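Here is what each chain is made of, one letter per residue.
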Amino acid sequence: MALDITSSPAGDGGTLATGGVPAARRTRNDWLRPNVLWGLVGAVIGYAIGHWAGNAIAHNWQQVQGSDQNNVSLVLGYLVGSVGFLAGLGIVNYPLAKLVGRQPPAPEEAQPGLGKFFRYTLDHKVVGAQYLVAMILYFMVGGLFALLFRTELLSPTSHVITPDAYIELVGMHGTMMMMMMTSAIIGPFGNYLVPLMIGSKRVAFPRLEALSLWLTPAAFVVLLSGLLIGGFPTGWTGYAPLAVQATQGMDSYLVSFGLMALSLLFGAVNMAATIISHRAPGMTFGRLPIFVWAMLSTASIMVLAVPVLFAGLYLMLMDRTWQTAFFTWQHGGSPYLWENLFWFFGHPEVYLLALPSFGILAELLPVFARKPAFGYRTVVAGLIGVGVLSFFVWQHHLFMSGMNPDMRPVVMLTTELISVPTGIVYLGAIGTLWRAKIRITVPMLFCLGLLFNFLLGGITGVFISDVPADTTLHGSFFVLAHFHYTIMGGYMFGFFAGVYYWFPRFTGLQLSEKIGTWHFWTMIVFFNSTFLPLFAVGLLGQPRRVFEYQHRLQGLNDWATISAYLLGVSLLIFLWNIVWTTAIKNRPSSMNPWHSLGLEWTIPYPTPLENFDRVPVVLSSPYDYGVPDRPPVAVVPEPVGVGCGPALSDPVREEDQHG
Amino acid sequence: MSKPGRLLAIIIPFLIAATLFIWGGLKLSRYPAAIAATTSSTSNGAEASLTMQTVPALGSGPHPDWVSYLIQRPDGQWVHTTMLQVPAHALVHVTILQYDTGSDLRNPLMNQPQGTVGGTITVNGQTVDALTPKNDAPGIGHTFTIPALGVSVPLEGVPDTAKNPCSAAPCTTNYSHNTIQFEFRTGAAGLYHWQCFVPCGTAFLYGNGGPMQTLGFMGGFLKVVA
Amino acid sequence: MSGSTPPSPTHATAAQPRHALRIFLVWLVLSAIATPLVYLVLGPHLPPGGMSDSAASQQFDMKVLTAIATPVVLFIWTYFGYALIFFRSQRGVIEDGPPIRGNRVFQAGWLGITTALVLFLFGFGTYELIHPAGAGAGEGPNPIWSPVSSSSTKPLEVQVIAQQWQFTYRYLNAGGFETTQLYLPVDRPVVFHVTSLDVIHGFWAYQLGVKADANPGVDNVAFTTPTQLGRFEVRCSELCGIWHGAMYNNGYVVSAGAFSQWLTKEQQRHAPDLPLLPPAAPYYNPGAGGGFYGSGQEPNATATPSPFPSSVTSPAGS
């Protein structure tokens, strides 16, 4: 990413008052300053310490000796190793210095070159770019797992991978996609763009934001390391007695999900605080871009839902290490407890994956329809409504569990009600495209793909919310196809729309429209070709996560597997597009290639360290396409003219509020 | 950065990632080979014979304390695997040497031999049709169960007080053991899962973790070939 | 700051074609053709078929849902298809559309229609859930929607015991013997008591339209009445470990006569192991030797279940 930065002059952050000081610092060898390599060293040392401590504590426990499994040493190794990783990155320097009353290390200056992408940095734009690369990596790895276990499903009864490896891969794929990819939009696009869209020079809590990023590689490595010790047999849902029973691979799931929960929490707190308190003058809530509204709604759900997950993971960790019994019924616990804690997070989680893509959709449609966003207030109300309702539907995952059967009509009602605010997204899209001047570009294609896929995903959701129909559909491939239509077909299509749309903002380069068109058409064709047959597979009686299935379903399964391979090829086209654009062609794009009115496009590339020389005053909505004599979206005031809150703030000299 | 430099910066990580993935994929897809039973054909059709043993602790490898099945190759070598191969529509003679001690079943139904020829099994030369637990009975050590074929055989455990218990695989017949023999008929070709139903993954919740959930220890496939 | 603002819009003053009417007509024609086709042609093939009363009610439910979904999907497709054809800008020209920010009637109408649809679906789903006694789904230990009992046909009480990794069945009002086979008589109500000996499993009798999670320590009850003879598949529908995919068997719906023959035979075959089984109870707590973390630790006394009441275990016809 951003490979052309090397060619820009070193002083691209020249407005900084600290410009003179770093000259001395910069002479220090870059390799010796905290960076990701030191993080790895810290991780190894930390793991060794934690592992040793765990062995010292638990090596002679009856359970450890009988099972050859020391969960305590593994968990402590993971935890101390993660702390070591963060320490090696230099994340604890600032809080430690504050703690002992020393002068904290000087804030960073603008740095040329690629080095900053391998370090802990407080620049939200660098964090956004790091997030983008990380998310693409996690997505590709998760997808490769899917290709491996789809290969196993080529035949109903003969096998290429063993049943335990199959379950491991299914769990890895699910966890990678549902857990690591939760921040696929709020991470790269939220962190990078929200300050630009609301006219802020910085985010509210840059250290929390950077920490939220650097927790994800730790979670990624911990999760993958599970494969080396036998994986976990529970899928991404980690249902309780099975997870308590499982071997050590389960600990990697718990620790990694826990790290990721912290990451989501920190990122969400920063996002909500930034949006609420760092808006430029004139950027009223009524003028906030819909994407920012979506980020606010997403962040609010995260702040409320993720702690419940964290509590559940903590209890499970206690069950597996100190041998408590929260989830085993013989000793007063209950497997239902895990199901409730998990899905109380798990269903809002699904909307954490839907709302950001709705935001991108509503943000991009006006640009390519060249019309104002239709029903702005209604759409915003819809986004908030989805967020509120998402906390009242989780028990529809337990329709067949035998718990609270008399509550099922109520949960059926709340679940079906959520299709009303979701439908508002379609209302907005329909209105925006009405008598519009549609331009078909690659981001627009992905938006239309999202609308197509999410329609099928949403409609099939109504089937599953209906208890009698769900009696057949629950736990079958129908459910699997349904949520792939909403997440892969909705969320990831929104993600790719965002990548194509904002790539010039991130890198100053515009992705090839031609290769992008190929990417879109192969992706939507093979996506549908992969998952449409899986609806039928589920309707015809194949449960999820099985390595053997009925012979009569082989044709459909084979079709889906081969389509999945081709879907993988489509994603290779996307990677090729990035390589082609950045490494081979590398031609700078224009400043505002999509002719958007958005505030984020008013800034030249490369984006200055502080985004805006002076905080702009926002005069109108970013969607005023076609409005006669519209004022400019924002103006930069004369230095003396406007002086209110954010204009005076300065990330360099200001005390950080969270320290 | 120059164009070759940029290209290298992309190609090298990509190659590393591809290598890692291919290595991981190959490692995961390495499917254990099945041990073929000794076959013969008689006037009654195809026959095959299998010899297995159960050990209380493997004694080596990453999980030295786990219980396990071992299978004897036709050349007499004991192999740590649970992949069996027998001919279709054949009479299979099975001999299992049980070196492990016994415990309670989670489901007492598995006390009864099922699906064997005549509904009986031979324990140390004595033909029985159900293992009725006596007060001093050592309990069931393991079962050999193929649910899809309806075959299930309980393996009576060695008493806890046995003089010469075996502690590491492979065990020889010098150690205390029970010899269980039975016959069953295979049907059409296919891959059938078999497993033990005694909660022998001790120190795991409900005794069903660890060796019970890892291929090669207490469960595997019976490959019936035409 | 607005350097890239495109030239101000030029509104087409020429009379617009009546887009709304055209879209409505296309949609109406498509829906009028497709909806009956979906209901009448596709509907009878929808799963899970009609092997039991609960399966039939689920099929009816899915038929109705599919028929309602058809016009909705067609409307979205028609609209976006139309918009992509007629609402395009000229190639290479950046021109603005009319600045329409909203339309009260359309927005209120949309909200009203979607809300009405949702409320109808809720009412319909609830009726369909209560009407055939829980629609074959697991209803927990105290089902509030049970079939109207008639004195002539006492339901067959079958306990489904899931364990890692097989299902076994106890015929509660035939002495409580346990077997690995599942036979049901046709046209007689069946009560499934689903429980588990270890982790969570799911009892899914696909063609019967029955699905109930098997939870340890819980008696999850589901009702159905098989109405057709034949074979049905039983699969595990909750991930339960390495052999989850292999946890299946076949069940059979047979005539009343064949069923009583089979019952007698199985009762005799399993007579020897009946004394070994614990008394039939809503759930079981297999103790030591598979108990909690190593052997020797006795389970909590409060977790010991009490047996089924005689109303469940009394033989048929009494």
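Keep in mind it's a predicted model, so treat the numbers as computed, not measured.

The rules behind these values
Residues numbered from 1 in each chain as written. Chains lettered and ligands numbered in written order. Predicted model: local features only at pLDDT ≥ 70, side-chain atom pairs only at ≥ 80, totals over all residues. Helix = DSSP H or I, 4+ residues; strand = E, 2+ residues; numbered from the N terminus. Rg over C-alpha atoms; globule rule 2.2 N^0.38 Å. Buried ≥ 20, exposed ≤ 12 C-beta atoms within 10 Å, placed from the backbone. Contact = placed C-beta atoms within 7 Å. Pairing = 2+ DSSP bridges. Axes fitted to C-alpha atoms, helices over the stretch in contact; angles between N-to-C directions. Nonpolar A, V, L, I, M, F, W, Y, C, P; charged D, E, K, R; others polar. Domains from an automatic or database assignment. Parallel < 35°, antiparallel > 145°, perpendicular 65-115°, else oblique. Left-handed = near helix turned anticlockwise from the far one by under 90°. pLDDT = per-residue confidence, 0-100. Core = buried A, V, L, I, M, F, W, Y, C linked by C-beta atoms within 7 Å.

This next bit is on the overall build of chain A. Scanning chain A from terminus to terminus reveals 22 helices and two strands. The C-alpha radius of gyration of chain A comes to 25 Å, within 12% of the 26 Å expected for a compact globule of 659 residues. With the C-alpha coordinates of chain A rotated into their principal frame, the extents come out at 70 × 65 × 50 Å. Put simply, chain A has 659 residues, and 65% of those count as buried.

Attention shifts here to the overall build of chain C. On a plain count of helices and strands, chain C comes out with five helices and 10 strands. Every one of the 318 residues in chain C was classed for burial, and the buried ones make up 41%. Put simply, of all contacts in chain C between residues at least 6 apart along the chain, 69% involve residues at least 24 apart.

Let us look at the sheet that holds strand β4 (residues 182-185) of chain C. All names here are of chain C. Strand order across the open sheet formed by five strands is β4-β10-β9-β6-β7, with mixed pairing between neighbours. Looking at the sheet topology across the chains shown, the edges are occupied by β4 and β7 (210-214). Strand-to-strand twist of the sheet, defined as the mean angle between neighbouring strand axes without regard to direction, takes the value 20°. Looking at chain direction, β4 and strand β10 (residues 248-254) are connected through four bridges and run parallel. Note on β10: the bridge partner recorded for Tyr-183 is Tyr-252. Sheet contacts for helix α4 (residues 256-269): β4 and β10; angle to β4, the most-contacted strand, approximately 140°.

Moving on, we come to the pairing of strand β11 (residues 151-156) of chain B. Along any regular strand, the residues point their side chains to alternate faces of the sheet. All names here are of chain B. When you tally the buried positions in β11, you get six out of six residues, the bulk of the element. The pairing of strand β10 (residues 140-146) with β11 spans six bridges and is classified as antiparallel. Residue pairing across strands places Phe-144 opposite Val-153, the latter belonging to β11. If you look at the hairpin formed by β10 and β11, you'll find four residues sitting between the two strands, and Gly-150 has a positive phi there, around 70°.

Time to look at the interface of chain A and chain C. Facing the 92 residues of chain A at the interface are 92 residues of chain C. Per element, the largest residue contribution to the side of chain A that touches chain C is eight residues, and it comes from helix α16 (residues 419-433) of chain A. When its residues are assigned to classes, the side of chain A that touches chain C shows 53 nonpolar, 27 polar and 12 charged.

This brings us to the domain arrangement of chain A. All names here are of chain A. Along its sequence, chain A is organised into domain 1 (34-57 + 71-105) and domain 2 (124-585). Across the contact, 12 residues belong to domain 1 and 12 residues belong to domain 2. Top element by residues in the side of domain 1 that touches domain 2 is helix α4 (residues 71-88). It accounts for nine residues.

Turning next to the packing of helix α8 (residues 186-198) of chain A against helix α11 (residues 249-277) of chain A. All names here are of chain A. For the pair α8 and α11, interaxial distance at closest approach is 10 Å and the crossing angle is 15°. Between α8 and α11, the crossing angle belongs to the class labelled roughly parallel. Regarding α8 and α11, the two cross each other, and that crossing is left-handed. Facing α8, whose interface residues are Ile-186, Gly-187, Gly-190, Val-194, Pro-195 and Ile-198, α11 presents Gly-267, Met-271, Thr-274 and Ile-275. Looking at the contact of α8 with α11 residue by residue, the class counts come to six nonpolar, four polar and no charged.

Okay, the interface of chain B and chain A next. Interfaces are often described in size by the accessible area the parts lose on coming together. Facing 27 residues of chain B, the contacting portion of chain A comprises 29 residues. Residue contributions to the side of chain B that touches chain A peak at seven residues, all from helix α1 (residues 3-28) of chain B. Its residues assigned to classes, the side of chain B that touches chain A comprises 14 nonpolar, 10 polar and three charged.

Let's shift gears to the confidence of the model for chain A. All names here are of chain A. When pLDDT is averaged along chain A, the result is 87; 92% of the residues meet or exceed 70. For chain A, the element scoring lowest by mean pLDDT is helix α1 (residues 22-26), at 46; helix α20 (residues 513-539) scores highest, at 95. Under a pLDDT of 50 for its full length, residues 1-25 has, in the predicted model, 47 contacts with residues more than four places off or in other chains.

With 302 residues, the main nonpolar core has C:Phe192 and C:Phe203 as its most contacted residues. Apart from the residues lying within four places of it in its own chain, the contact partners of C:Phe203 are C:Val160, C:Ala162, C:Phe167, C:Phe192, C:Val194, C:Lys211, C:Ala212, C:Ala214 and C:Val234. Formed by 50 residues, the second largest nonpolar core is a distinct cluster that contains B:Leu97, B:Leu155, B:Cys171 and B:Phe182.

Residues and elements named next belong to chain C. Taken together, the five strands give an open sheet; going across it, the order is β3-β2-β1-β5-β8, and neighbouring strands pair in mixed fashion. Among the strands making up the open sheet, the edge pair consists of β3 (178-179) and β8 (220-224). The pairing of strand β5 (residues 190-196) with β8 spans five bridges and is antiparallel. Each residue of the ladder has a partner; that of Val-190, found in β8, is Thr-224.

As a further point, take the domain arrangement of chain C. Residues and elements named next belong to chain C. Taken domain by domain, chain C comprises domain 1 (19-86 + 108-132) and domain 2 (156-286 + 304-313). Here the C-alpha centre of domain 2 lies 37 Å away from the C-alpha centre of domain 1. Each partner contributes residues to the interface: domain 1 has nine residues there, and domain 2 has 13 residues.

Looking now at the environment of B:Thr81. Residue and element names in this part refer to chain B. With respect to the secondary-structure elements, Thr-81 resides in the loop between β5 (78-79) and β6 (83-87). Of the residues examined, Thr-81 has 19 C-beta atoms within 10 Å and is grouped as partly exposed. C-alpha separation for the pair Thr-81 and Val-158, spaced 77 residues apart in sequence, amounts to 22 Å. Not counting residues within four places of it along the chain, the set of residues in contact with Thr-81 comprises Pro-32, Ile-35, Ile-71 and Gly-216.

The next subject is unusual backbone geometry. Excluding glycine, residues mostly carry a negative phi; peptide bonds, for their part, are mostly trans. Cis geometry marks the peptide bond from A:Tyr605 to A:Pro606, where omega comes out at -5°. Mapping A:Pro606 onto the fold places it in the loop between α21 (554-585) and β1 (617-618). In this chain, C:Gln164 is followed by C:Trp165 through a cis amide linkage whose omega measures 5°. Positive phi values are uncommon outside glycine, yet A:Arg545 reaches one of about 60°. Along the chain, the position of A:Arg545 falls in the loop between α20 and α21. For B:Ala203, which is not glycine, the phi torsion reads 75° and is therefore positive. Here B:Ala203 is to be found in the loop between β13 (190-195) and β14 (219-225).

All right, on to the pairing of strand β9 (residues 230-236) of chain C then. Residues and elements named next belong to chain C. Inspection of the sheet shows strand β6 (residues 201-205) paired to β9 by three bridges, in the antiparallel sense. Opposite Ala-205, over in β9, you have Val-234 as the bridge partner. Summarising the sheet, β9 and β10 pair through six bridges and their orientation is antiparallel. The residue of β10 that forms the bridge with Gly-230 is Val-253.

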